Every structure is written in structure tokens, then in C-alpha cells.
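# Fold and geometry: a report
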Amino acid sequence: MTTPALPRSAARWALFALAIGSFGIGMTEFVVMGLLPEIARELTPGVYADDPEAAIAQAGWLITLYAAGVVVGAPTIAGTVAKYPRHRVMLFLALALTVFTALTLVLPTFELVAVSRFLAGLPHGAYFGIGALVAADVLGPGKRAQGVAFVLTGLTIANVVGVPLGTFLGQQFGWRAAFLVVAVIFAAATIAIAVTVPHHAGEPSRTLRAELRVFRIGQVWFALGIGAVGFGGFFAVYSYIATLVTEAAGSPQWVVPIVLVVAGLGMTTGNLVGGRLADRDLRRSLVGGLVALAVVQALLALTAGSIIAVGVFVFLVGFFSAALSPTIQTRLMDVAGDNQSIAAALNHSALNMGNAMGAALGGAVIAAGLGFVAPVWVGVVLALGGLVIAVASFSVETRVGRRSSATAR
């Protein structure tokens, strides 16, 4: 189903409204990573006083639980709402993000905040997935990956502006100040979507049961594996970027927001480049991106004692990881057949499986006393794991294609 033709200005405003929501999602997902010491100090004061490393590793579970919410919510919500008008679904999802973020802002204990982070993750994947379908229709044929990238642009710009700003506010006024800003952004997105996004029909014949048939497709599992394992390498690094800067590189706390800006610039640039490259040659973009991600993470680990080197390689880690995101999502949409709503959302399940895995493994190696550079080496291993899955996926696809051609003859 496609939207009726829109005037260019109307289409631009609709896409901008969707990008506001993705900006908020970028903040709510990533700002925690720059504020782990502050969160650990307030929510687990006893543990922090005895063992700051253990407290920071425990606070890292807030990242993992948010990611788990995305993993659970993306397929179930996207599959359930596929039959409803997409503009109404987007409005509902933006409202849910507003409410759950407000809960994080006001709840008093670590356990309750952890629950609110899981709830806040539930609408994440469906918002990006269904929003990508709307954006792809608005941009027109031949620009699907660029449509996906446009919706993701708000997320990457959040890493240039929103996350560093939220980190600074959290350091100065308490970590909850960052979530106050995020809640306001989601409220603004809700209003903007209600006003600017036009009617966009769903698929009335689709049901959750029908959408879940996507899991019978072998290549879908390969694509999910690439996202979960390969992209986990990025999150192993980014989840502990604050301690990488302050402990491994020995820089003061005020440098953390600057490094986050650098990472965000890399992500924004990589996202835009990745969308164009995926439209040209998806296979080469995916394999080349995973190789490059592993290499720059290894170089980051080897030079982490220098803050200049950290800045350079964090930029490159952000660039190559963000370039992979629209590529993986387009790959999922390519192999999913008629199950487009759930396929578009499943990308974010996969990426947040990587988020959960990267954050958990990074926290585990820190808690084991292997040091604050150890998560970067975890990232190298995960990126290489994603590369192995990608190569296997394309090899299987090629063999199946040859058999089909031989049978047709």
C-alpha cells in the first residue's frame, strides 16, 4: 500500500516529524551510555562506594534491558498492528515512548527504573520499522534504502547533538535531567506526527500469525544474525565509552561529551553513505562494512591510551556501524517477501540483540577485571562473527540460486 502523491513540502514535513521521534529514540537509547557512572552513583550507592567498577557494570543492565524491550516489542507490535493505518500506529507509538520515558524520569529505585527501560524499548523497533515503510513510500521507487536512512537520520543526529547535550546536562544537574529533555522531545514528536503525517493505509488482510511466518525464511535468520552479532561489536564499544575516555585514555570527564559528538558525526555520515551504497551493491556494502568495523575497533583497542587516537577511531567505529544499519534493514526487507512490516521492525530487534549482547559482554569483561579496553576487543570478535554469518548467508543464497536455475532448465 502506498500513500497518495504528496506535495514536496508536505512530504518534507511528514518526514521531519518522523525524524523528531527517531531523534528522541537516539537520545533515550544512547544517553545512558555516557551517564553510567552518574546513574550507578545514585541508584546503587552502596555498591558504588565499595566497588565502582561493579556498580557501573550493574548500571549497564539498563542498556541491556532497553535492548531486550526492543527485541521483544519489534516483532510483536509490528506484526500485531500491520493491518492498521500506519499514520495512526506511528502516533500511538510516539505517545507510548513519551509515557515510558516519563516513567524513567520519576521512578525512584534501580529496579523500577530497570522496568521502565524495558517498557521504553518496546515501541522502538516498530516505530523505526513502520516509519521506514512510510518514508520509503514518500521518497518513491528506487530509494528504499535512502528512505530507511532518512528515518534513521534523527537517531544519528541525536548522537551529534542530543546525546552529548543530555550527557552534559546529566553530569551537571543529575542524570534525570537528560530524560526530562527526552520526554519533551517525544511529546513534540507525537504532536508533529498527528499534524503532518498523512493517511497511510495498513494491510487489512495481515495478521500477527501471518506476519510471524517470516521466521520460516532461512535468510531472515541469517540477516538477524548479522545484525545481532556484527552490530554487537559497536555496542560493546559505545556502551562503555565514558570509562574508555576517562579511565583508559586518562582524560577528564568533560571530554566525554566531546567524544560522543565525534561518534555522532561518524554515525550521521555513515548512515547517509550507507543508504546510498546499499542501493548500489548491498552485498559488498555489508561485507566491506563488517571488515572495516573489525579493523577500526582493533586499532582503537591498540591506541586507547591516546585521547586523540580514541577520537579518530571512535569516529570511524560510528561511521562503519551506522553505514551497516540501513544495509541490514534493506537486506531483511529483500528476503522477507510479503512480510514487510515485521521485517522492517525486525532489523531493530537484531540491532538491539547486539546492543544487549555488546553491553552485557562488555560489562562482564570489565567486572572480571580485564580493564576498560577489554570491551573494545569484545567488539572486534563480534564484528568478525557478523562477517562470518554474512559470508555464509550469501554463499547459501548463491547455491540455492544455482540449483533453481538448473531446475528451471
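Residues numbered from 1 in each chain as written. Predicted model: local features only at pLDDT ≥ 70, side-chain atom pairs only at ≥ 80, totals over all residues. Heavy atoms only, no water.

## Some words on the pattern of salt bridges
Pairs can form between side chains of opposite charge once their charged atoms are near each other. As a reminder, the rule being used: Here, a salt bridge means any side-chain nitrogen of Lys or Arg that lies within 4 Å of a carboxyl oxygen of Asp or Glu. By the criteria applied, helices consist of DSSP H or I runs no shorter than four residues and strands consist of E runs no shorter than two, each listed in order from the N terminus. Throughout, exposure labels follow a simple rule: accessible area from a 1.4 Å probe, protein chains only, divided by the maximum for the residue type, with under 20% read as buried, over 50% as exposed, and the rest as partly exposed.
A complete count under the given rule lists 3 salt bridges for this structure. Its salt-bridge partner being E397, residue R283 comes within 2.7 Å of it at the nearest N-O pair. In this pair, R283 is assigned in helix α16 (residues 282-302) and E397 in helix α19 (residues 374-408), connecting sequence segments 114 residues apart. For E397, a relative accessible area of 27% translates into the label partly exposed. Linking E397 and R331 is a salt bridge whose minimum nitrogen-to-oxygen distance equals 3.2 Å. With E397 in helix α19 and R331 in helix α17 (residues 307-335), this residue pair connects regions lying 66 residues apart in the sequence. The class for R331 is buried, based on a relative accessible area of 6%. A cluster of three or more residues bridged by salt bridges with shared partners is formed by R283, R331 and E397.

## What to know about the nonpolar core
The condition is simple: Nonpolar cores were defined as sets of buried Ala, Val, Leu, Ile, Met, Phe, Trp, Tyr and Cys residues, with membership established by side-chain atoms within 4.5 Å. By definition, residues are in contact when any of their heavy atoms lie within 4.5 Å.
With 105 residues, the main nonpolar core has F30, I39, Y127, I193, F234, Y238 and L300 as its most contacted residues. Looking at which element gives the most residues to this core, the answer is helix α1 (residues 8-34), with 12 residues. In this structure, L300 is in contact with V237, L244, V310, F313, V314, V317 and V376, ignoring residues within four places of it in sequence. Listed in part, the 11 residues of the second largest apolar core include V214, A223, L346 and A350.

## A closer look at the packing of helix α6 (residues 86-106) against helix α10 (residues 176-196)
Convention followed: Throughout, an axis means a line fitted to C-alpha atoms (over the contacting stretch in the case of helices), and angles, computed between N-to-C directions, take values from 0 to 180 degrees. When an angle is under 35 degrees it counts as roughly parallel; over 145 it counts as roughly antiparallel; between 65 and 115 it counts as roughly perpendicular; any other value is oblique. Crossing handedness is defined as follows: a turn of the near helix away from the far one that is anticlockwise and smaller than a right angle gives a left-handed crossing, while the clockwise case is right-handed. Polarity classes work like this: nonpolar for Ala, Val, Leu, Ile, Met, Phe, Trp, Tyr, Cys and Pro, charged for Asp, Glu, Lys and Arg, and polar for all others, with Gly in that last group.
Relative orientation of the contacting elements α6 and α10 amounts to 165°, with a least axis distance of 8 Å. Accordingly, the angle class assigned to the pair α6 and α10 is roughly antiparallel. As for how α6 packs across α10, the hand of that crossing is left-handed. Across the interface between the two elements, H87, M90, L91, A94, L95, L97, T98, T101, A102, T104, L105 and V106 of α6 pack against R176, F179, L180, V182, A183, F186, A187, T190, I193 and A194 of α10. For the contact of α6 with α10, the per-class residue count stands at 16 nonpolar, 5 polar and 1 charged.

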